Amino acid sequence: MESSYFFALTVLAAALGVGIAAIGPGIGQGIATGKAVEGIARQPEATGKIMVPFILGLAIMETLVLYALAVSLILLFANPFASMFTAAVVH
Amino acid sequence: MHAEPPFLLGQLTKLIDERIGQLIPINDYIVMTWVVMLMIIAAAVVIRLGLKKIPTGLQNIVEILTQELLNLSEPLMGKHARFFLPLMGTFAIFILISNLIGLIPGLKAPTANWNTTIAMAVIVFLSTHFFGIKQKGLIKYLQHFTDPCPQMGWWVWLTPLPYGLFFIHLIGEIAKPFSLSIRLFINMASKHLMLGVLALLFILFLKKLALIFLPTLLVPFVMALGILVCFVQTFIFVLLSMVYIGMATQEEEH
C-alpha cells in the first residue's frame, strides 16, 4: 500500500516538475524572441549579428527546463529510492 | 515500461562485451561511438588522399566548415582562434555526426548518453583552466576569480569580500561542465524517448484504429524538430566551449 502511494507521488512529482519548470523559461524565451524580431524588423541587415546571441540565450534558458526534465527522468526510470519499496514486493 | 527502440548492432555489442567485458564493460553507446569514429576517420583519410588545389565534392564541405568555425571563433578567442581550431572542429564534427546518426531508425546517438557528453565537457573544463593558467600565470589567473576586486585597490584584500567571491566563482566554474554536458545529453535523450513513446503508442493503437492518426502525424514533426535540435545543440556546445576558453585565455585590455 505504501509503495503504491510512493510511485503515484513520484509520477506526479515528475510531471508537475517539468510543467512548473517550463513556465519561467517560456516567458523568458517569449520576451527574448519578441525583442529579437523587433530588432530584426527595425534593422534587417543586423540579422546575422542578432542571431548568435539570440540562439545562445534561448539555449541557456532552455537548459533550466532540461534540468527539471533530468530530475523527472531520474525519478521515473532510475529512482534511487525505488529499491526500498520494490524489495519488499519481490522477496 | 521502458520505451527502448530496437538496436541494430546489439549482436555486435554482445559479441565484444563477451570478449573484453571483464576489463571494460561495453554497451551500445560505445559501439555507436566507434561507428561514428570510423566514419569520421574514413572521411578524413579519403579527403586527405584526394586533396586538390581546386576543391571538389567533400573537400568543399570541409573547407566551408573550417572557414565558418574560424569566423565564429575569431571574435571570441582573438589570436588563439587558430590554435584551438582542431579541438573545436573535432567537437563540432563529432557531435554533429553523433546527433544525426541517432535519427536513423535502429541506431543510437552516442550523445544520448551522459558518459559521452561529460567526457567532452571535462576536456573543455581542463583545457580552459590549463590554458588559462599557462596564459596568465597562476596568481593572475586566481585573481581573475575574485572579479571586480583586482581593479579596486590594495585595501580590498584586507576585507573578506574577495575570498567570498572566490568561492562563488569556483562553484560557477564547477557547474559549467555539468550544464554543458546535461544540456546536450538531455536534448538528445528526450528526443529519442519521445520517438520511442510515439512508436509504443502506434503499437498500442493498432487495436483502436480510430486513434492511430495521432502518433502517425506527430512522428514527422518530432523528426523535423530533431534535425533542427541536432544542429542547434552542436552549435551551442561549440560556441559555449569557445566562450569559456576565450574568457579564460584573453589578455587584459588596460
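Keep in mind that what you see is a predicted model, and the values were worked out from it rather than measured.

### Section: helix 7 (residues 161-204) of chain B
Thought 1: Taking 1.5 Å of rise per residue, 44 residues should cover 64 Å, and helix 7 of chain B covers 61 Å from first to last C-alpha, within 8% of that figure.
Thought 2: Along its length, helix 7 of chain B reaches its greatest deviation from straightness, about 30°, at alanine 175 of chain B, and the proline proline 177 of chain B lies no more than four positions downstream.

### Some remarks on the pattern of salt bridges
All names here are of chain B.
Thought 1: Counting across every chain of the model gives two salt bridges over all chains.
Thought 2: A salt bridge links aspartate 28 to lysine 108; the nearest nitrogen and oxygen atoms lie 3.0 Å apart. Highlighted residues: aspartate 28 in helix 2 (residues 28-49) and lysine 108 in the loop between helix 4 (81-101) and helix 5 (114-136), separated in sequence by 80 residues. In this pair, the class of aspartate 28 matches that of lysine 108, namely buried.
Thought 3: The shortest N-O distance in the salt bridge between glutamate 173 and lysine 176 comes to 3.1 Å. One end of the pair is glutamate 173 and the other is lysine 176, both in helix 7 and three residues apart, which spans about a single turn.
Thought 4: Judged by relative accessible area, which is 16%, glutamate 173 ranks as buried.

### Examining the interface of chain B and chain A
Thought 1: Contact with chain B, which involves 15 residues of that partner, is made by 13 residues of chain A.
Thought 2: The junction of chain B with chain A conceals about 1300 Å² of combined surface from both sides, 83% of it contributed by carbon and sulfur atoms.
Thought 3: Applying the counting criterion to the chain B and chain A interface returns zero salt bridges.
Thought 4: Applying the counting rule to chain B against chain A returns one residue pair in polar contact (both at pLDDT 80 or more).
Thought 5: Listed by contribution, the elements that provide at least two residues to the side of chain B that touches chain A are helix 7 and helix 8 (213-249) of chain B.
Thought 6: When residues in the side of chain B that touches chain A are grouped by element, the largest group, seven residues, is from helix 7 of chain B.
Thought 7: Of the residues belonging to the side of chain B that touches chain A, the class tally is nine nonpolar, five polar and one charged.

### Let's talk about the nonpolar core
Thought 1: With 31 residues, the main nonpolar core has Phe91, Met120, Leu180, Phe237 and Val238 of chain B as its most contacted residues.
Thought 2: In this structure, Leu66 and Ala70 of chain A together with Phe185 and Ala189 of chain B belong to the second largest nonpolar core, which totals eight residues.

### Concerning the packing of helix 2 of chain B against helix 4 of chain B
Residue and element names in this part refer to chain B.
Thought 1: Packing of helix 2 against helix 4 leaves a shortest axis separation of 10 Å and a crossing angle of 120°. One way to sum up the angle between helix 2 and helix 4 is to call them oblique. Two packed elements cross with a definite hand, and for helix 2 against helix 4 that hand is right-handed. Of the residues in helix 4, those touching helix 2 at Met32, Thr33, Val35, Val36, Met39 and Ile40 are Ile93, Phe94, Ile97, Ser98 and Ile101.
Thought 2: Here the contact of helix 2 with helix 4 is composed, by residue class, of nine nonpolar, two polar and no charged.

The rules we used
- Residues numbered from 1 in each chain as written.
- Chains lettered and ligands numbered in written order.
- Predicted model: local features only at pLDDT ≥ 70, side-chain atom pairs only at ≥ 80, totals over all residues.
- Heavy atoms only, no water.
- Helix = DSSP H or I, 4+ residues; strand = E, 2+ residues; numbered from the N terminus.
- Expected span 1.5 Å × (residues − 1).
- Bend = angle between axes of the 7 residues up to and from the residue.
- Salt bridge = Lys/Arg side-chain N within 4 Å of Asp/Glu carboxyl O.
- Buried < 20%, exposed > 50% of the residue type's maximum accessible area, 1.4 Å probe, protein only.
- Contact = heavy atoms within 4.5 Å.
- Buried area = accessible area lost by both parts, 1.4 Å probe.
- Polar contact = N/O pair within 3.5 Å; in protein donor to acceptor, adjacent residues only side chain to side chain.
- Nonpolar A, V, L, I, M, F, W, Y, C, P; charged D, E, K, R; others polar.
- Core = buried A, V, L, I, M, F, W, Y, C linked by side-chain atoms within 4.5 Å.
- Axes fitted to C-alpha atoms, helices over the stretch in contact; angles between N-to-C directions.
- Parallel < 35°, antiparallel > 145°, perpendicular 65-115°, else oblique.
- Left-handed = near helix turned anticlockwise from the far one by under 90°.

The quantities given are spatial measurements derived from coordinates; they are silent on function.
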